[in-house]
Amino acid sequence: MAAKTIADLDIQGRRVFIRVDFDVPLTPAGGVSDATRIHESLPTIRHAIEHGGRVVLASHLGRPKGKPNPAFSLMPVAACLVELLDRDVVLADEPVGDGARKVVADLRDGSVAMLENLRFAAGEEANDETFSRALAGYADVYINDAFTTAHLAHASTAGMTRFVSARGMGLKMEREVRFLSQLGGDVARPFVAVVGGANLSDKMGLLESLLGRADAIFVGGVLANTFLKAQGGSLGTSRLDAEKLAWARAFLASAQDAQVEILLPRDLMAASGRDAPAGQVVPAMKVPDDLAALDIGPETAQRFTEGLAHARTVFWDGPMGVFDSAPFAAGTLAVAKAVAAVKFGLTVVGGPDSVAALGRAGVSDRITHISTGGYATLEFIEGKKLPGLAALES
Ligand code: ADP
Ligand code: MG
């Protein structure tokens, strides 16, 4: 059966264990430099507090590799949460053990505790049964709100759920699943996917899974360089994936069979390197030998914009160029604006860099759903079963 959500479960007076993703970037002084992930789970935490739950928060932070390490303590996160919730958050000094047990036992209805970094224990990433049982010992109700780690079978995302009878999704998790599921269902057409970015290996599965579903796929970034090279183009010193040329040719052939239109760039913005003060527009198949393609060109940006204007469903993952360098940002910003301009349809954007580009373009609030799941987003769209979601089914 499908997973329940926290709103479906009786939590009054019960210990509500919430797996959150508070793996936030820290400042050199040890403060939280970007609290977005904490903000995203506030609705779930507030729901649990308001319904009288005894809230136990659990997260990882960084890669302490199974050993306690003060540099990866959740202390700054707890301090940030105290301000955001305007109430006490008691931080245990360990993920499991006597100290953690006491902190949880002392909870009253509507109060909040946080376990120390789950990855201080080797059992977390090993999905160890003893560690899973110890975590489950703090939970009457298990809630997972950490979509970013749903593709990992760790103790806190999968192992412990066997030992807790009431399980469900947090509100952030529920929102991710709801919108990403829509892309796999009966979508309004045309369905246009825009795929770019740096790493073709990460996106091959996504591209293949889109063949049965999208009407058109617009390709930019390093991915486009690889496809252009596969078609016999000269790409100069452009970054591309030389080992994937055969895959790229096979993919283009499959797309033709599936009648999915693949739009590759016709022109590119090229330069000697990303520090160059300006680029020059070159034909996509003829990048000069000493230059690298660093963005799609204006004609291509225009074509992509026009194509998106007709779309009723859009999924975008991966920038069109090195957009953090101003001379090579235009293509990515044009795509961001064109996705935001889709009025009557579903628009979903994934990929950390693409999400950052939306912010740069000032259009984040005009997207139906911004998915922050990273690999979990890609695997979900590819149709893979995520262990963290499977563990919530009853
Ligand atoms: P996302 O995080 O949105 O999934 P990726 O991480 O796959 O996107 O790709 C983003 C990266 O790709 C950025 O660092 C960007 O500079 C780089 N990139 C995009 N186009 C090019 C290009 N033509 N040449 C070199 N790097 C590129
Ligand atoms: Mg990225």
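Values in this document were obtained by computation on a predicted structure and should not be read as measured data.

Another aspect to go through is the sheet that holds strand β3 (residues 89-91). Each strand in a sheet pairs with another by means of backbone hydrogen bonds, the pair being arranged parallel or else antiparallel. Spatial strand order, β3-β4-β2-β1-β5-β6: 6 strands in an open sheet with parallel pairing. Both outer strands of the open sheet, β3 and β6 (166-169), are each paired with one neighbouring strand and no more. Each neighbouring strand pair of the sheet contributes to a mean axis angle of 25 degrees, computed without reference to strand direction. Taken together, the 4 bridges between strand β5 (residues 141-144) and β6 define a ladder with parallel strand orientation. Along β6, the bridge assignment pairs Y142 with R167.

The next thing to look at is the domain arrangement of the protein chain. Domain assignment breaks the protein chain into domain 1 (6-170) and domain 2 (179-382). Centre-to-centre, using C-alpha coordinates, domain 1 lies 36 Å away from domain 2. Taken together, the contact pairs 4 residues of domain 1 with 9 residues of domain 2. Between domain 1 and domain 2, roughly 500 Å² of surface is buried when both sides are summed, and carbon and sulfur atoms account for 67% of that area. It is F147, T148 and H151 in domain 1 that bury the most area against domain 2; as a group they hold 85% of the surface buried on that side.

Next up on the list: the environment of T237. Here T237 is to be found in the loop between α8 (221-230) and α9 (245-257). Note: C-alpha distance between T237 and A271 (34 residues apart in sequence) is 9.5 Å. Within the structure, T237 has its side chain in polar contact with the backbone nitrogen of A292 (distance 3.4 Å).

Let us look at the sheet that holds strand β9 (residues 261-263). With respect to topology, 6 strands assemble into an open sheet ordered β9-β8-β7-β13-β14-β15, the strand pairing being parallel. Lying at the two open borders of the sheet, with one neighbouring strand each, are β9 and β15 (369-370). As paired strands, strand β7 (residues 191-195) and strand β8 (residues 216-219) are joined by 4 bridges and run parallel to one another. Each bridged residue has a counterpart across the sheet, and for V194 the counterpart in β8 is F218. Across the sheet, helix α6 (residues 171-184) touches β7, β13 (313-317), β14 (346-350) and β15, and the angle it forms with β14 is around 115 degrees. Across the face of the sheet, helix α12 (residues 352-361) comes into contact with β13, β14 and β15 while running at roughly 120 degrees to β14.

Further remarks concern the packing of aromatic side chains. Note on aromatic pairs: each is described by the distance of the centres and the angle between the planes. This structure, assessed with the given rule, holds 6 aromatic pairs. Relative to F304, the ring of F218 lies with its centre 4.9 Å away and its plane at 25 degrees, an arrangement referred to as stacked. Of this pair, F218 sits in strand β8 while F304 sits in helix α10 (residues 298-309), and the two are 86 residues apart along the sequence. F304 shares its class with F218; the two are buried. An aromatic cluster of at least three residues, connected via ring pairs, comprises F227, W247 and F251.

As a further point, take the site of ligand 1. Residues in close proximity to ligand 1 total 18 residues, the closest being K203, A293, D317, D353 and S354. Measuring from an oxygen atom of ligand 1, one finds a side-chain N or O atom of K203 at 2.9 Å. Here an oxygen atom of ligand 1 and a backbone polar atom of D353 are 2.8 Å apart. Secondary-structure elements contributing two or more residues to the shell around ligand 1 are α8, β12 (292-296) and α12. Considering only residue class, the shell around ligand 1 consists of 7 nonpolar, 7 polar and 4 charged.

The rules we used
Residues numbered from 1 in each chain as written. Chains lettered and ligands numbered in written order. Predicted model: local features only at pLDDT ≥ 70, side-chain atom pairs only at ≥ 80, totals over all residues. Heavy atoms only, no water. Pairing = 2+ DSSP bridges. Helix = DSSP H or I, 4+ residues; strand = E, 2+ residues; numbered from the N terminus. Axes fitted to C-alpha atoms, helices over the stretch in contact; angles between N-to-C directions. Domains from an automatic or database assignment. Contact = heavy atoms within 4.5 Å. Buried area = accessible area lost by both parts, 1.4 Å probe. Polar contact = N/O pair within 3.5 Å; in protein donor to acceptor, adjacent residues only side chain to side chain. Phe/Tyr/Trp six-rings, centres within 6.5 Å; stacked < 30°, edge-to-face > 60°. Buried < 20%, exposed > 50% of the residue type's maximum accessible area, 1.4 Å probe, protein only. Near = heavy atom within 4 Å. Nonpolar A, V, L, I, M, F, W, Y, C, P; charged D, E, K, R; others polar.

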